[in-house]
Amino acid sequence: MTLTPEEKNGVYKAIRNRRDIRTFRSDPVAPELLRKLLEAAHNGPSVGFMQPWNFILIEEAELKRELAQAVDKERRALAIHYEGTGRETKFLELKIAGILEAPVTICVTCDPTRGGDHVLGRNSIPETDLMSVSCAIQNMWLAAYAEGLAMGWVSFYKKRDIQRLLAIPPHIDPVALLSIGYTDDYPDRPLLEIHDWERRRALDPLIFKERWGQSWTTMPEEEA
Ligand SMILES: Cc1cc2nc3c(=O)[nH]c(=O)nc-3n(C[C@H](O)[C@H](O)[C@H](O)COP(=O)(O)O)c2cc1C
């Protein structure tokens, strides 16, 4: 069960260096590699082991164009929220989807009915099905990094648009559109940080001890 030091470093390296990517080359991704990413996803944890996911692989140019249109429509609608804040132009300039560029897009869905009425552990917190799908997606993201592939998570869309375009039944939730491909432009920091939109917060103030709001810190000046 233990990792060699090299393997351990590899895990942390992937976690640290995995990035959300928007710019892709057009060269295709081998089906065997896609399969590996999907196996990584399928090995994710899930509440009551319900495995609520499905994966729709999209490579057809026309379909990708329609998906990209749905995303762009939402991006323009969202821009209204930044009107007058000084961030509107920056938001519209941010590249938020690589769907047209990436050779493949994967729609990851969640079936809340899988496993029947009483999925172990899901009665108390129903959204644990979505949490499970998120864990699967993170596994894919890390596997993509390990394989030298780039992945971008697109969530700017109306779910009904995506259900219509991909013929997804009404009770199935299209959780994510993932752009997958190769890139020549792998940033060393989050793109939103590079574009001065948001920065990674300091970790220590986010960690509490015993009660909400009671600081836990490893910073020397706070130590007794
Ligand atoms: C649930 C979720 C939804 C996201 N949706 C979008 C999106 O619609 N468009 C986008 O540009 N990035 C999206 N992202 C990517 C984030 O912007 C990105 O993860 C964040 O800026 C941190 O950068 P990093 O992933 O490179 O560390 C999403 C990420 C998550 C986890």
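One structure accompanies this document, and this report is about it.

Basis of the calculations
Residues numbered from 1 in each chain as written. Predicted model: local features only at pLDDT ≥ 70, side-chain atom pairs only at ≥ 80, totals over all residues. Heavy atoms only, no water. Core = buried A, V, L, I, M, F, W, Y, C linked by side-chain atoms within 4.5 Å. Buried < 20%, exposed > 50% of the residue type's maximum accessible area, 1.4 Å probe, protein only. Helix = DSSP H or I, 4+ residues; strand = E, 2+ residues; numbered from the N terminus. Contact = heavy atoms within 4.5 Å. Pairing = 2+ DSSP bridges.

Topic: the nonpolar core
Step number 1: Core analysis: the biggest nonpolar cluster contains 26 residues, and I106, M140, L178 and I180 have the highest contact counts within it.
Step number 2: Listed by contribution, the elements that provide at least two residues to this core are α2 (31–42), β2 (104–110), α5 (128–146) and β4 (173–181).
Step number 3: Of all the elements, α5 adds the most residues to this core, at 7 residues.
Step number 4: Among residues more than four places away in sequence, those in contact with M140 are L37, L38, A41, F55, I106, M151, L178 and I180.
Step number 5: A68, Y157, I168 and L177 belong to the second largest nonpolar core, which has 21 residues in total.

Things to note about the pairing of β4
Step number 1: Of all 9 residues in β4, 9 are buried, a share of seventy percent or more.
Step number 2: As paired strands, β2 and β4 are joined by 7 bridges and run antiparallel to one another. Bridged to C107 within β4 is L177.
Step number 3: Both strand β3 (residues 150–154) and β4 contribute to a ladder of 5 bridges, which runs antiparallel. In the strand pairing of β4, M151 is matched with I180.

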